[in-house]
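Spelled out, the chains give:
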Amino acid sequence: MQPDSVVSAASSGPGLGSFTVVDVETSGLSAADHRVLSVAALALDGDGVVVREFHTLVDPGCDPGPVHIHGLTRELLSGAPRFENIEAELTQLLAGRVMVAHNAGFDYGFLAGEFGRIGASLPVGNRLCTLALARRVAPPVPDCRLATLATYYGIRQQRAHDALDDARVLAAVLRSLVTDAAHLGIALPMLTCPPDRPGARRRSAWPSTPPKTICEFEYPGRFTDGGVLVQGMKVAFTGDTRVDRAQLISRAVAAGLDVTRAVSGRTSALVTNTQESLTGKARAARAHETPIMTEQTFLMLLERIQPGTPKNMSSQPGEIGSGPRARMETAGLLAGRRVLVLGGPHDAAVGARNRITDLGGSVAVNMSASVSDVLALEGAQNDPRLGRAVARGLPVHGTELLDSASPASPRGADAREIVEPHIMCRGQVMDLPIEAIGTEWSVRVSWTQDESYEVDVVGFLLDSGEKVRHDPDFVFYNQPTGDGAWLTADGPSEQTVELSVEQLPQQCARVVVAAAIDGDSITFGTVGAIEIEVTAGSESGVFARATLDAATEERALILVEVYRRGEAWRLRVVGQGYPSGLAELARSYGVDVCGE
């Protein structure tokens, strides 16, 4: 670890000596319903070296869930301490320090739940998500999973899904990410986690909903009576089950089935022990004529499941939106290049970014390892990022780049073959490849960090009349969870709307993702460019990217829409602004705005 790099990175917040790296293994994905089975906490010194290490199994007093993933059986957990017996030691390692984890909202949520069950509070005032940090650094990797980052940085991982080994690997990854962030001048995306207060903005309490396990097989269609289960079939469960529900789900996923949390016209089968069940899933199954089978039948068929067709993650040249490797057809001379625009009056910067997109390039909002070129406009010399770009040896261009597009810039020595995302511009539409990739999608929104303003990302679930059915269809900072939509945050200048198109209400025809300024004196003209990245799950590589910065006096901005078209789902980049702010935009969609 380079101490000077640590000092540089720490200039924007606490140093590594204030960090505790944490990893938990759990009995499921819901912090409200599942329990911690194993926890590791590693305290670091100023150079990122582990100086204190704590790890233990935890007896949750319940079914351990997907044993095939974490390997923690009832027998292994029997005799382990209960959480109340380790609370004191965890408190010593966490109090007054920054909690660091990969997808930190997940670990934070589970630990907060366990502390709450014993009448205590999780002593964490700040947390740092290495997933969010990796997205900012943007090393040349296909995705930001911990295993991928470990391989890139040359860190050996011995046992995946082992809390202690994962925490040791993460500590090493953190040191490398912090060093890279320091070289790039990137502030660490620290998130404050104060205790909830009545009426307070609860951004720190936003859940980080982990993506559903992505099925690796193509959808083969519905189950037919007298038929067989085939890998890739979509199954849902409802009502009481003799086998623990979490165990049923884990067995189905391990067998290659796509377990869904809602019933749609594409659901292959619904599993229930009550044929006349009155649950919402059962009513939806009857409405869609979805086959219904008993738990006993399902388990028998699961033993004889037939092999499915693995998903083809590539596409033929020229196919638009057919898979994550599909590229948008463009004759642009800047294709494959990521350009950071510095300086210039607002109109000139907007025009430059639009021209870069027209030429097939990708516009960067912040400095990262993925930036290949810098466009320096008037006043760029006053931006400290210009000096960092020069120190990195990046090509710095004037406006001639927009006239003819100079020859492609050389890639760095550690660059790898990375699939380029679709670069989209305002008004552009494309299909989401649901069948090829899956039903879980994330719309991530980021901007240049500045303590003088706050940006709120929100989501509206609209029916065919362009209205919310009821207020819970408005997802925002104090109501981060809706039906099929979740709002998450893992940094002060990055928020994400996560969608499960299968869980969206049947009446939902469109999801609108918007951003708004908190306060009356700041507009999006001050905030500058907004970057939108669409991914299939929170840790996947970027599928589509757009940059919007035409706003001037607007305080609310519609960013993208995800909407139904027949049986398909489409993505549209909007970029329409409103000077009246979020309250008026919410009212236009039928939200009952109180306190105005």
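Residues numbered from 1 in each chain as written. Predicted model: local features only at pLDDT ≥ 70, side-chain atom pairs only at ≥ 80, totals over all residues. Heavy atoms only, no water.

### Some remarks on the overall build of the protein
Right, so step 1: Within the protein, the secondary structure is distributed over 17 helices and 27 strands.
Right, so step 2: Split into buried and exposed, the 596 residues of the protein put 54% on the buried side.
Right, so step 3: Considering only residue pairs separated by 6 or more positions, the protein has 69% of its internal contacts joining residues 24 or more positions apart.
Right, so step 4: Entry remark: accessible area of the protein is about 24900 Å², with carbon and sulfur atoms responsible for 49%. (Helix = DSSP H or I, 4+ residues; strand = E, 2+ residues; numbered from the N terminus. Buried < 20%, exposed > 50% of the residue type's maximum accessible area, 1.4 Å probe, protein only. Contact = heavy atoms within 4.5 Å. Areas by Shrake-Rupley, 256 points an atom, 1.4 Å probe, with all protein chains shown as cover.)

### Topic: the nonpolar core
Right, so step 1: By size, the foremost hydrophobic cluster in this structure holds 73 residues, and its most contacted members are Phe19, Val21, Val39 and Leu174.
Right, so step 2: For this core, the element with the most residues is helix α8 (residues 163–184), which contributes 13 residues.
Right, so step 3: When residues no more than four places from it in sequence are discounted, the contact partners of Val39 are Asp23, Val24, Phe54, His55, Thr56, Val58, Ile86, Leu90, Leu111 and Ala163.
Right, so step 4: Membership of the second largest hydrophobic core comes to 44 residues, among which are Leu432, Ala485, Leu499 and Leu504. (Core = buried A, V, L, I, M, F, W, Y, C linked by side-chain atoms within 4.5 Å.)

### Quick word on the sheet that holds strand β11 (residues 338–342)
Right, so step 1: The 4 strands lie next to each other as β12-β11-β13-β14, forming an open sheet whose pairing is parallel. Both edges of this open sheet fall to β12 (362–364) and β14 (396–397), since each of them pairs with a single strand only.
Right, so step 2: As paired elements, β11 and β12 share 3 bridges and run parallel to each other. By the bridge assignment for β12, Val339 is matched with Val363.
Right, so step 3: Contacting β11, β13 (373–376) and β14, helix α13 (residues 384–392) crosses the sheet at an angle of about 140° to β11. (Pairing = 2+ DSSP bridges. Axes fitted to C-alpha atoms, helices over the stretch in contact; angles between N-to-C directions.)

### Quick notes on the pattern of salt bridges
Charged atoms that come close allow side chains of opposite charge to pair.
Right, so step 1: All told, the structure shown has 23 salt bridges when counted by the stated rule.
Right, so step 2: Of the charged contacts in the structure, one is a salt bridge between Asp63 and Arg74, with a shortest N-O distance of 3.3 Å. Separated by 11 residues along the polypeptide, Asp63 in the loop between β3 (50–57) and α2 (67–70) and Arg74 in helix α3 (residues 74–77) bring together distant segments of the chain.
Right, so step 3: For Arg385, the salt bridge is made with Asp383, and the minimal N-O distance between the two is 2.8 Å. There is no split in this pair, since Arg385 and Asp383 are both buried.
Right, so step 4: If you follow the salt bridges from partner to partner, you end up with Glu466, Arg510, Glu561 and Arg572 in one network. (Salt bridge = Lys/Arg side-chain N within 4 Å of Asp/Glu carboxyl O.)

### Quick word on the confidence of the model for the protein
Right, so step 1: Considering every residue of the protein, the mean pLDDT works out to 82; 86% of them sit at 70 or more.
Right, so step 2: The model gives residues 1–12 a pLDDT under 50, and that stretch makes 21 contacts with residues more than four places away or in other chains. (pLDDT = per-residue confidence, 0-100.)

### Re unusual backbone geometry
Right, so step 1: Its identity is not glycine, yet Asn103 carries a phi of approximately 60°, on the positive side.
Right, so step 2: You can see Asn103 is positioned in the loop between β4 (98–101) and α5 (104–117).
Right, so step 3: Judged by its relative accessible area of 6%, Asn103 is buried.
Right, so step 4: In this structure, Glu289 is a non-glycine residue whose phi angle is positive, near 60°.
Right, so step 5: Position of Glu289 relative to the elements: it lies in the loop between α10 (280–288) and β10 (292–293).

### With respect to the pairing of strand β21 (residues 485–491)
Right, so step 1: Most of β21 sits out of view: 7 of its 7 residues are buried.
Right, so step 2: Looking at chain direction, strand β20 (residues 481–482) and β21 are connected through 2 bridges and run antiparallel. What sits directly across from Gly482, in β21, is Ala485.
Right, so step 3: Hairpin connection of β20 to β21: 2 residues between the antiparallel strands, including Gly484 at a positive phi of 85°.
Right, so step 4: Two strands pair when backbone bridges link them, and β21 and strand β22 (residues 494–500) are joined in this way by 6 bridges, in the antiparallel orientation. Looking at the pairing, Leu487 lines up with Val497 of β22.
Right, so step 5: Linking β21 to β22, which pair antiparallel, is a turn of 2 residues.

### Some words on the side chain of Arg97
Right, so step 1: Note on placement: Arg97 falls in the loop between α4 (87–94) and β4.
Right, so step 2: Among buried charged residues, Arg97 stands out as having no salt bridge; its nearest opposite-charge side chain is Asp45, 8.3 Å away.
Right, so step 3: There is a polar contact of 3.1 Å between the side chain of Arg97 and the backbone oxygen of Gly17.
Right, so step 4: From its side chain, Arg97 meets the backbone oxygen of Phe19 in a polar contact 2.7 Å long.
Right, so step 5: If near-sequence neighbours (up to four positions away) are discounted, Arg97 is found in contact with Gly17, Ser18, Phe19, Thr20, Ala43, Leu44 and Asn126. (Lys, Arg positive; Asp, Glu negative; His and termini not counted. Polar contact = N/O pair within 3.5 Å; in protein donor to acceptor, adjacent residues only side chain to side chain.)

### Digging into the packing of helix α6 (residues 130–137) against α8
Right, so step 1: Where α6 contacts α8, the axes come no closer than 10 Å and their chain directions differ by 35°. In the packing of α6 onto α8, the handedness of the crossing is left-handed. Facing Thr130, Leu133, Ala134 and Val137 of α6, the residues of α8 in contact are Leu170, Leu174, Leu177, Val178, Asp180, Ala181 and Leu184.
Right, so step 2: The residue inventory of the contact of α6 with α8, partitioned by class, reads 9 nonpolar, 1 polar and 1 charged. (Left-handed = near helix turned anticlockwise from the far one by under 90°. Nonpolar A, V, L, I, M, F, W, Y, C, P; charged D, E, K, R; others polar.)

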